[in-house]
Amino acid sequence: MWRDPGTPADSFYQVRPECTDVPKTKFKIKGGKTLSVRKWQSAFTTEGYLDIGRTLGRIYRGGVHPSIRGEVWEFLLGCFDPKSTFDEREQIRKGRRAQYAVLKEECRQIFPLVGSGRFVTAPIITEDGDPIQDPIVLLEANPEKGLASLPQENGASYISAMVKEEDHKIIQWKLTLHQIGLDVVRTDRTLVFYEKQENLSKLWDILAVYAWFDTDVGYCQGMSDLCSPMIILLEDEADAFWCFEHLMRRMRGNFRCTESSVGVETQLSNLASITQVIDPKLHQHLETLGGGDYLFAFRMLMVLFRREFSFGDSLYLWEMMWALEYDPDLFSMYEDPDSVHEKADGSKGKAKSIRQCGKYERENMKNKAKNAEAPLPISIFLVASVLKDRSSKLLTEARGLDDVVKILNDITGNLDAKKACSGAMKLHKKYLKKAKQT
């Protein structure tokens, strides 16, 4: 039987010609498997209601066509309710765009470079709130043009604002701005997209506004890797911001830090528990090497395998994960959490349709009746699956933590996103089965 070999998707995410060591993208657009524009549009009624159940299986089988990825992701991440109409979504979009404009203007009033097309990579303030007297900070993005390149109001307001800052929230925010800039210039630098200054600035603006919006988490390294795909897939800056913000609702626990711990430690601890159940020999070996805290897997969980896959393959992996985890109550959980709690108590509201849920979510629903704990994200099982696949190599060749890191670094560009997801699903089933027996 003839099988469609697929069309490479690299043309959608062009790599700079001088970057020759970038992993090749394995993801291909396949007729009958990849969610196409036609199939996506046909999943909507004339009013705009989306039969999301029809699309989840196709996303898992063959990913999403790059030309519609942004709008599909908005549903997968819970920005919109599939049970809403075109008009209702348009109203929500307008409201969010207006809200983003207000947030961005607040930031611009505090630091005029926001929205100017420029950004900083050097500190602008001390921890005590004293300004760092160096207007050259403003000119980093255009060093060849000098002060004349600055719009007068921006240059004047920055220089006149060089007074001691007393507001703790503003000090904390300003302290992150140069770190965001340093990360922005390092993020996806192999892509042609980021040769344009305006795209680098857009990424900086969104992350700066997010740090102001979510003061509890602020900005941490790794967020630029999660945000970058959003501005490539969604042209409107406000839409990209809210899509990133919805992804952060899933991920922010990993980035929340206290004086004694980093949020991702909870997931690393869960990873250790899973490995102990499904591969006790490997877990024991890692503990013997001093890796029982599983910190070597820190990066995979923090940035969702962005470094282990090519840019195109990491997007394919993400949408498969989100399709598998999809919960049709996601939008309601974010917008009206009380109604979801009421539904869970059975006091009112219609139970969610299992057909509208992702495959992983269905497994968790079956298990929920017997287990009161919140289900673990599929990303932990993905990492566990990678460790399981490298188990024999780790057991025979790893004589120290450096060897563990080296063996795991060797997977970069060699992983298959679809196989990794399938492995995670099998492991999840196996784990639930074994956990029941203990």
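Residues numbered from 1 in each chain as written. Predicted model: local features only at pLDDT ≥ 70, side-chain atom pairs only at ≥ 80, totals over all residues. Heavy atoms only, no water.

**Student:** Mind laying out the overall build of the chain, listing which residues take part and the relevant values?
**Tutor:** Along its length, the chain carries 20 helices and 2 strands. Put simply, the chain has 438 residues, and 52% of those count as buried. For the chain, contacts bridging at least 24 residues in sequence account for 75% of all contacts bridging at least 6. (Helix = DSSP H or I, 4+ residues; strand = E, 2+ residues; numbered from the N terminus. Buried < 20%, exposed > 50% of the residue type's maximum accessible area, 1.4 Å probe, protein only. Contact = heavy atoms within 4.5 Å.)

**Student:** Any chance you could break down the environment of F309 for me, citing the residues and the numbers?
**Tutor:** Mapped onto the secondary structure, F309 falls in the loop between α12 (298-302) and α13 (311-325). Owing to a relative accessible area of 5%, F309 belongs among the buried residues under this scheme. Excluding residues that lie within four positions of it along the chain, F309 makes contacts with S314, L317, L415, D416 and A417.

**Student:** Now, about the environment of L203: what can you tell me, with residues and values included?
**Tutor:** Topologically, L203 is positioned in helix α7 (residues 197-213). L203 sits in the buried class, given a relative accessible area of 0%. When the C-alpha atoms of L203 and V185 are compared, they prove to be 9.7 Å apart, with 18 residues separating the residues in sequence. Those residues in contact with L203, other than ones at most four positions away along the chain, are V184, T187, Y194, S224, C227, S228 and I231.

**Student:** Can you break down the packing of helix α3 (residues 69-76) against α13 residue by residue, with the values?
**Tutor:** Remark: α3 packs on α13, axes separated minimally by 10 Å, with the N-to-C direction vectors making an angle of 35°. Considering the relative orientation of α3 and α13, their crossing is left-handed. Of the residues in α13, those touching α3 at R69, W73 and L76 are G312, L315, Y316, W318, E319, W322 and A323. (Axes fitted to C-alpha atoms, helices over the stretch in contact; angles between N-to-C directions. Left-handed = near helix turned anticlockwise from the far one by under 90°.)

**Student:** So what's going on with the side chain of D327? Which residues, and what values?
**Tutor:** When you line up the elements, D327 lands in the loop between α13 and α14 (330-335). For D327, the side chain forms a polar contact with the main-chain nitrogen of D329, separated by 2.8 Å. Apart from the residues lying within four places of it in its own chain, the contact partners of D327 are M333, K352 and E361. (Polar contact = N/O pair within 3.5 Å; in protein donor to acceptor, adjacent residues only side chain to side chain.)

**Student:** Which residues make up helix α20 (residues 417-437), and what values do they have?
**Tutor:** Compared with an ideal rise of 1.5 Å per residue, which puts 21 residues at 30 Å, α20 spans 31 Å between its outermost C-alpha atoms and is within 8% of the ideal. Listing the buried residues of α20 in full gives A417, A420, C421, G423, A424, M425, L427, H428, Y431 and L432. Where α20 begins, the capping side chain belongs to D416, and its oxygen is found 3.0 Å from the backbone nitrogen of K418. (Expected span 1.5 Å × (residues − 1).)

**Student:** Talk me through the packing of aromatic side chains; I want residue IDs and the actual numbers.
**Tutor:** Evaluation of the coordinates by the stated rule reveals 24 aromatic pairs. Plain terms: the ring middles of W40 and F75 are 5.7 Å apart, the flat faces sit at 70° to each other, and that makes the pair edge-to-face. Residue W40 is found in helix α1 (residues 37-42), and its partner F75 is found in helix α3; the two are separated by 35 residues along the sequence. Note on accessibility: W40 and F75 belong to one class, buried. Relative to W322, the ring of W73 lies with its centre 4.8 Å away and its plane at 80°, an arrangement referred to as edge-to-face. Here the residue W73 occupies a position in helix α3, and W322 occupies one in helix α13, the gap between them amounting to 249 residues. Each of the two residues, W73 as well as W322, counts as buried. Through a chain of ring-to-ring contacts, three or more aromatic side chains come together here, namely Y100, Y210, F213, F241, W242 and F244. Across from the ring centre of Y334, 4.8 Å away, lies the NZ or CZ of R249, which sits over that ring. (Phe/Tyr/Trp six-rings, centres within 6.5 Å; stacked < 30°, edge-to-face > 60°. Lys NZ or Arg CZ within 6 Å of the ring centre and 35° of its normal.)

**Student:** Break down a positive patch on the surface for me, citing the residues and quoting the values.
**Tutor:** Together, K28, K30, K33 and R61 give the surface a local cluster of positive charge. Judged by relative accessible area, which is 32%, K30 ranks as partly exposed. (Patch = residues over 30% accessible without salt bridge, like charges linked within 9 Å, V, L, I, M, F, W, Y side chains within 5 Å. Areas by Shrake-Rupley, 256 points an atom, 1.4 Å probe, with all protein chains shown as cover. Salt bridge = Lys/Arg side-chain N within 4 Å of Asp/Glu carboxyl O. Lys, Arg positive; Asp, Glu negative; His and termini not counted. Charge placed at Lys NZ, Arg CZ, Asp CG, Glu CD.)

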